[in-house]
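# Chains, contacts and geometry: an overview
Chain residues, written in single-letter form:
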Amino acid sequence: MRNDFIQLAWAMNQNDPCWVPPLVWDVKEFLDPRRHPFYGHGRAEKFIAYRNGKPVGRILVSDDPLLNSRKKINIGAWGMFECVNDVQVAQALFRAAKKWSSENFGRTSLIGPMDYSTNYAMGLLTDGFQYRQRYGMNHNPRYYQGLVEKCGLRLAHELYAWWFDDARQMLEKWGPRAQWLTNRTKIQFRSFDPKHFDREVELCKKVYNVSLKNNWNYAELTDLEMSHLSRQLIQFADPSHIFLAFDGDVPVGFSVTIPDLNEAIGPLNGRLLPFGWLQFLWLRRRIRSARVMVLCVDPRYRYRGISELLVLKTLDYGRNTCGYSGAELGWTYKDNDSVNHIIERVGGLPYKTYCMYECGTDAALPEDPDRA
């Protein structure tokens, strides 16, 4: 069953030149309750739809009791959705997901696509299909939006992914203002120190949780999750491309940028063995774009130019030291005007849109109008 669940991603997307096959090893680890830290406090279940013995759809439904307790809500999550273009199959998947969430946890609604929580891949791609999938971001067939909406799910939120082209012009434009902001804020910036890994991660965690705690549906990272994610990222990140901002000794912001690993992962078609590792290491040295994974500032320090300076330092190092020609920052909420305005001011372009959808667990699924 697990192999069918994983391989459905290939069946649905392999003819899309912008889709990047994930590493099978990574997907297996992500789904393994013995290896992924989400299962230290949450639960999840996989469902597969079969037709004539052939897998034609899948969905992952999960439950995070810590999120529900902290936010005083009553929701489950659906994610990792793949499906043939057939409403009946999609309805069967959502019906199974809603039943599991309702009967096991009494949840009244499901929100997704969201793999466990907002700390992992989320959002249904609805615009920007012509652009290649970047590391850690979702990509899906165009018809998924219509399929989900025909199943009665309603739009809950929209997200943006941003693209930064060659940063030369923006850096030249912002040079004087960056110096002015530095002098004005008196905030100190430095790179991540891998020699004191645990200390640095703890500093970032404090900023991460306080900066995002009021965001829609935000699930605070547990210590196990933060340790797991940080150790994954540090394998591929240049510590000098991770910037921390301080007011004296107090951490107030940070950014994490890694190479867009999908440039090296794509040609492997999901396989590291037997020789995929060697190909990956060779291709990794030739990556020419970056992925800004995290950009956080303590709410008490917003509107002081810290976000702009973190972005500019990221762009400057990426272009002039790493030789990157572009970078994706994602994602932000579409209605987060303050953050989006900052990103636009420093040269970001919203080039992809993702949507989040919600449905009540007791809501009847509509009939397929094409089959009526």
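It should be noted that the structure appears before, not after, this text.
Residues numbered from 1 in each chain as written. Predicted model: local features only at pLDDT ≥ 70, side-chain atom pairs only at ≥ 80, totals over all residues. Heavy atoms only, no water.

## Some points on the overall build of the protein chain
Heads up, the rule is: Under the scheme used here, helices are H or I runs from DSSP no shorter than 4 residues and strands are E runs no shorter than 2 residues, and both carry numbers assigned from the N terminus. Only C-alpha atoms enter the radius of gyration; for comparison, a globular chain is expected to reach 2.2 Å times N to the power 0.38, where N is the number of residues. We call two residues in contact whenever any of their non-hydrogen atoms come within 4.5 Å of each other. For every accessible area listed, the method is Shrake-Rupley and the probe measures 1.4 Å; residues are considered covered only by the protein chains on display. Charged-residue counts in this description rest on Lys and Arg as positive and Asp and Glu as negative, His and the chain ends being excluded. A charge is said to be at NZ when it belongs to Lys, at CZ for Arg, at CG for Asp and at CD for Glu.
Check the secondary structure of the protein chain and you find twelve helices and twelve strands. For a compact globule of 372 residues, the expected C-alpha radius of gyration is about 21 Å, and the protein chain comes in at 21 Å, within 12% of that figure. In terms of overall dimensions, the protein chain has a C-alpha envelope of 65 × 50 × 40 Å along the principal axes. Considering only contacts in the protein chain between residues 6 or more positions apart, those separated by 24 or more positions represent 77%. Taken as a whole, the protein chain presents about 17300 Å² of accessible surface, with 49% of it coming from carbon and sulfur. The centroid of the 48 positive side-chain charges in the protein chain is displaced by 3 Å from the centroid of its 42 negative side-chain charges.

## Let's talk about a nonpolar patch on the surface
Put simply, the rule is: Patch building starts from residues that exceed 30% relative accessible area and form no salt bridge, then joins like charges within 9 Å and nonpolar side chains (Val, Leu, Ile, Met, Phe, Trp, Tyr) within 5 Å. By definition, a salt bridge exists where a carboxyl oxygen of Asp or Glu is found within 4 Å of a side-chain nitrogen of Lys or Arg.
Residues L273, W277 and L281 make up a contiguous nonpolar surface patch of about 340 Å² in total accessible area. Here W277 lies in helix α10 (residues 276-284).

## Let's talk about the state of the cysteines
Rules: Cysteine sulfur atoms that pair up within 2.5 Å are treated as a disulfide. The rule is simple: take the accessible area with a 1.4 Å probe, protein chains only, and divide by the maximum for that residue type; under 20% is buried, over 50% is exposed, in between is partly exposed.
As enumerated under the stated definition, the model contains zero disulfides in all. Looking at the unpaired C204, the closest cysteine sulfur is the one in C296, lying at 8.9 Å. For C204, a relative accessible area of 6% gives the class buried. Free cysteine: C359, not disulfide-bonded; nearest cysteine sulfur from C151 at 8.8 Å.

## Thoughts on helix α1 (residues 2-13)
Along α1, the residues that are buried comprise F5, I6, L8, A9, W10, M12 and N13. Buried residues in α1 make contact with α2 (24-31), β1 (43-51), β2 (54-63), β3 (75-83) and α5 (144-150).

## Side note on the nonpolar core
Filter applied, for reference: Grouping buried Ala, Val, Leu, Ile, Met, Phe, Trp, Tyr and Cys residues that are joined through side-chain atoms within 4.5 Å yields what is termed a nonpolar core.
In this structure, L31, W78, F81, Y116 and F254 are the most contacted members of the largest nonpolar core, which totals 79 residues. When near neighbours in sequence (up to four residues on either side) are disregarded, W78 contacts I59, L60, V61, F94, L110, I111, G112, P113, M114, V148, L153 and Y357. Core analysis: the second largest hydrophobic core is formed by 25 residues, I187, A245, V297 and L329 among them.

## Let's talk about the packing of aromatic side chains
We apply this condition: Each pair of aromatic rings taken from Phe, Tyr and Trp, with Trp reduced to its six-membered ring, is defined by centres within 6.5 Å and is described as stacked if the planes are under 30 degrees apart, edge-to-face if over 60, and tilted in the remaining cases.
All chains considered together, the criterion is met by 23 aromatic pairs. On the numbers, 5.6 Å between centres and 90° between planes, the contact of W10 with W19 is edge-to-face. Each member of the pair W10 and W19 is classed as buried. Between F38 and Y116, the ring centres sit 4.4 Å apart and the planes meet at 5°, which makes this aromatic pair stacked.

## Regarding unusual backbone geometry
A cis amide bond links L273 with the next residue in sequence, P274, at an omega value of 5°. Within the secondary structure, P274 is located in the loop between α9 (262-265) and α10. For the bond from G330 to W331, the omega torsion is 0°, close enough to zero to count as cis. Structurally, the position occupied by W331 is in strand β11 (residues 326-333). In the Ramachandran plot, Y303 falls in the positive-phi region, its phi being about 65° despite a non-glycine side chain. Residue classification places Y303 among the exposed residues on the basis of a relative accessible area of 66%.

## Concerning the side chain of T126
Relative to the elements of secondary structure, T126 occurs in strand β5 (residues 124-127). Setting aside chain neighbours within four positions, we find T126 in contact with Q145, T353, Y354 and C355.

## So, the pairing of strand β6 (residues 154-164)
Which entries qualify depends on this criterion: One requirement defines pairing of two strands: DSSP has to find at least two bridges between them.
Relative to strand β12 (residues 349-360), β6 is paired through nine bridges, and the arrangement is antiparallel. Bridged to H157 within β12 is M356. In this sheet, β11 lies alongside β6 in antiparallel orientation, the contact comprising six bridges. Among the inter-strand pairings, L159 is bridged to a residue of β11, identified as Y333.

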